[in-house]
Amino acid sequence: MRTTPATSSVTGVGHLLRLILRRDRVRLPLWLVGLGGSIVASALAVPPLYDTPEKVAGYARTVGASPVSYLMSGRQVGLDTLGGIVANEISQVAQLGVCLMVVFLVVRHTRAEEESGRAELLRSTVLGRHAATLAGLVYGVTAALLLGAITSISMLAAGLPAGGSLTYGVGLALLGVTYTAITLVAVQISTSARGALGLAGAAVAVGYLVRGIGAMQDNALVWLSPFGWAQGMNAFGDERWWPALILLVFTALLLWLAARLMAHRDFGGGLIATRPGPARAGRLLDTPFGLATRLQRGLLVGWAVGLFLLGVLYGAVIPTVPDLIESNPEMADVVGASGQAAEDALVDAFLGYIYLFMAVIACGFVVASVLRLRAEEEAGRAEVVLATPVSRTSWMAATTTLALVAAVALTVLMGLGLAVGYGIGSGEWDQVLTQVAGQLAYLPGTLVVGALAAALYGLLPRGTGIAWAAVALIALQVVLGQLLGLPDAVQAISPFWHLAAVPVDDFEVVPYATLVLIAAVLVAAGLWGYRRRDAVAG
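Residues numbered from 1 in each chain as written. Predicted model: local features only at pLDDT ≥ 70, side-chain atom pairs only at ≥ 80, totals over all residues. Heavy atoms only, no water.

A. Region of interest: the overall build of the protein. The helix and strand inventory of the protein stands at 25 helices and zero strands. For the protein, the C-alpha radius of gyration of 24 Å lies close to 24 Å, the compact-globule estimate for 538 residues. Projected onto its principal axes, the C-alpha coordinates of the protein cover approximately 80 × 60 × 45 Å. When burial is assessed residue by residue, the protein has 50% of its 538 residues classed as buried. Restricting to contacts in the protein with at least 6 residues of sequence separation, those with at least 24 account for 79%. Surface summary for the protein: the accessible area is close to 24400 Å², and the carbon and sulfur share equals 66%. (Helix = DSSP H or I, 4+ residues; strand = E, 2+ residues; numbered from the N terminus. Rg over C-alpha atoms; globule rule 2.2 N^0.38 Å. Buried < 20%, exposed > 50% of the residue type's maximum accessible area, 1.4 Å probe, protein only. Contact = heavy atoms within 4.5 Å. Areas by Shrake-Rupley, 256 points an atom, 1.4 Å probe, with all protein chains shown as cover.)

B. Empty space enclosed by the protein, seen in detail. For the coordinates displayed, the defined rule picks out four cavities of 30 Å³ or more. For the largest cavity, the calculated volume is near 220 Å³. L16, H109, E113, A119 and A132 are the residues nearest the centre of the largest cavity, which is lined by 22 residues in total. If you list the elements that add at least two residues to the lining of the largest cavity, you get α1 (13-23), α6 (111-116), α7 (118-123), α8 (131-157) and α9 (162-189). (1 Å grid on protein atoms, 1.4 Å probe; cavity = no way out; pocket = protein on both sides within 12 Å on 5 of 7 lines; lining within 4 Å. Points joined across faces, edges and corners; volume = space filled by probe spheres on them.)

C. View of the pattern of salt bridges. Tallied over the entire structure, the rule returns 11 salt bridges. Residues E113 and R23 are paired through a salt bridge, measuring 3.1 Å at the closest nitrogen-oxygen approach. Here the residue E113 occupies a position in helix α6, and R23 occupies one in helix α1, the gap between them amounting to 90 residues. E113 sits in the buried class, given a relative accessible area of 8%. Accessibility expressed as a relative area gives 28% for R23, which makes it partly exposed. (Salt bridge = Lys/Arg side-chain N within 4 Å of Asp/Glu carboxyl O.)

D. Fine view of unusual backbone geometry. Note the cis peptide between V502 and P503, where omega equals 5°. Relative to the assigned elements, P503 resides in the loop between α24 (488-491) and α25 (509-532). With a phi close to 55°, D218 is a non-glycine residue in the positive phi region. Mapped onto the elements, D218 comes out in the loop between α10 (193-217) and α11 (226-231). For D218, a relative accessible area of 54% gives the class exposed. Although it is not a glycine, F236 adopts a positive phi angle of roughly 70°. Relative to the helices and strands, F236 resides in the loop between α11 and α12 (242-263). Look at F236 and you get buried, because its relative accessible area is 9%.

E. Summary view of the nonpolar core. Formed by 140 residues in total, the largest nonpolar core has its most connected members in M72, M101, Y314 and F496. Residue contributions to this core peak at 18 residues, all from helix α17 (residues 339-370). Setting aside residues no more than four positions away along its own chain, M72 makes contact with Q92, Y208, R211, Y314, Y353, I354 and F357. (Core = buried A, V, L, I, M, F, W, Y, C linked by side-chain atoms within 4.5 Å.)

F. Up close: helix α18 (residues 372-379). What α18 keeps buried is the set R372, L373, R374, E376 and E377. Remark: G380 follows α18 within two positions and exhibits a positive phi of approximately 85°.

G. Seen up close, the packing of helix α2 (residues 27-49) against α8. At a closest axis distance of 9 Å, the pairing of α2 and α8 adopts a crossing angle of 25°. Between α2 and α8, the angle falls in the class roughly parallel. By crossing handedness, the relation of α2 to α8 is classed as right-handed. Of the residues in α8, those touching α2 at L28, L32, L35, G36, I39, V40, A43 and L44 are Y139, A143, L146, L147, I150, T151, S154 and A157. In terms of residue class, the contact of α2 with α8 is made up of 13 nonpolar, three polar and no charged. (Axes fitted to C-alpha atoms, helices over the stretch in contact; angles between N-to-C directions. Parallel < 35°, antiparallel > 145°, perpendicular 65-115°, else oblique. Left-handed = near helix turned anticlockwise from the far one by under 90°. Nonpolar A, V, L, I, M, F, W, Y, C, P; charged D, E, K, R; others polar.)

H. View of helix α5 (residues 82-108). For α5, spanning 27 residues, the distance from its first C-alpha to its last is 38 Å, which sits close to the expected 39 Å at 1.5 Å a residue. For α5, the principal kink sits at S91 and spans about 55°. α5 sits mainly inside the fold: 24 of its 27 residues count as buried. (Expected span 1.5 Å × (residues − 1). Bend = angle between axes of the 7 residues up to and from the residue.)

I. Molecular detail of the environment of G128. When you line up the elements, G128 lands in the loop between α7 and α8. The buried category is assigned to G128, whose relative accessible area is 3%.

J. Summary view of the packing of aromatic side chains. Applying the stated rule across the entire model yields 12 aromatic pairs. Here Y208 and F227 contribute two aromatic rings whose centre-to-centre distance is 5.7 Å and whose plane-to-plane angle is 70°, an arrangement assigned as edge-to-face. Taken together, the residues span a long stretch of sequence, with Y208 in helix α10 and F227 in helix α11 at a distance of 19 residues. Residue Y208 shares its accessibility class with F227, and that shared class is buried. Here the aromatic residues Y179, Y208 and F227 are joined through ring pairs into a cluster of three or more. Between the NZ or CZ atom of R75 and the centre of the ring of Y70, over which it lies, the distance is 3.9 Å. (Phe/Tyr/Trp six-rings, centres within 6.5 Å; stacked < 30°, edge-to-face > 60°. Lys NZ or Arg CZ within 6 Å of the ring centre and 35° of its normal.)

K. Molecular detail of a nonpolar patch on the surface. There is a patch of nonpolar side chains on the surface, built from L459, L460, I466 and W528 and spanning about 410 Å² of accessible area. Judged by relative accessible area, I466 falls into the partly exposed class, the value being 44%. (Patch = residues over 30% accessible without salt bridge, like charges linked within 9 Å, V, L, I, M, F, W, Y side chains within 5 Å.)

L. Highlighting the side chain of S165. As for its placement among the helices and strands, S165 is situated in helix α9. For S165, the residues in contact, after removing those within four places along its chain, are S152, M155, L156, L160 and F236.

M. Fine view of the environment of G212. With respect to the element layout, G212 can be found in helix α10. On the basis of relative accessibility, which here comes to 0%, the residue G212 falls in the buried class. The spatial distance from the C-alpha of G212 to the C-alpha of R75 is 8.5 Å, given a sequence separation of 137 residues. Contacts of G212, omitting those with residues within four sequence positions, involve Y70 and L71.

Here is the structure:
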């Protein structure tokens, strides 16, 4: 008599990995080429720009005392060397990029599979209970290691020291491995892919901000963040490897926690159970706008709280910016002023970057909100709605309007957060109108990106990924545009490039109104296309 071999909890991991690689044969290379290409381009661009000791010393003197640099990239050692300059310039893209990459990839092949029902279908075959989780872990770790290797190789190709290049690449890879483990914990807690993405994304944001605030204040706060541990390996300085041990131990604890949580939850469920809705729908759900608001309630609240707190953190830093003039008098020469004028110029430069950076972050919300239309259509739920007297135009218009109106509200909240943070840090509470107006000066750029997503959904539904690519390119242009020396024709692709750099420059009405008009045209084009095309299945 033939017997069926016993199935262990990890049976089928190899088969799942092959399936994952088959499904992501385009997605993973795009992540690696996009992030790796940016890192390679930056690493190769630095040596020609700082080809004399005087230029290197000037960089160390200015950037080494910049509050924006501390907040965005931490306190990089070795800024008086080419290696330190390269590491400082690529840190923001490389570190945030590797974390976001593993978060999206791991959630896609774990919680999203359970939510869609495909994981249950696979488990009906010879597949262990923990096989999907282990496959997701191996996949995320592999992606992080590949990006770390690309980073080290690009630094070596730029002629940087081998020790520093290896140390930086290893630190970057271990940071990605740590956030792979954090994502697996989030997957066990939430019952939805969106919830898991939100929890893991919040962990990335908290770690990044804690490191940034600690770097600005030059205190032990940096050692409460995985970003600080990775940077604490001191690539291109006095390299040390014991922070890598902290990352490994923390990762092991997180993996143990993920395994324990998985053992105590039902398949398809999570530690945070979904609450059943009321027996009767409220009057608000009788309208397309009300339904769209209800569907995105969690997304709206999460982004509102997150961006407001981000504004508070950045606002609390503003009063400390003038102190840099006292600690480093040479900064006055950099801004071309002295005394109070130098302090005001430094604060304006800091605010201009923060306004722009937060507006680009808001682009992520508006694209996610608009493309909820695509998710509803792929799942077949939009078809149910459209089977009622709700027209295609009203359904798409409701969701798009919600996204754009919410973008305005979030922009105001970010400004309020900056004002509240400034009040907490300085005791002065008269900055509300100034900060809100400054943040609103960058609103049209966010609206254009959201309108582009709407146009793509209506005219080219299978190409909606272009909207996310646009967000990534805009973020890259903001972070690395000056370093890469991109021509104006390329930088002009970003809508933010056309706006006045408030408060450094005076507000300009014409480009502001033009971008608002472009956003309206894009939305109208999307509505026109949606009315005339067939529904697209997932």
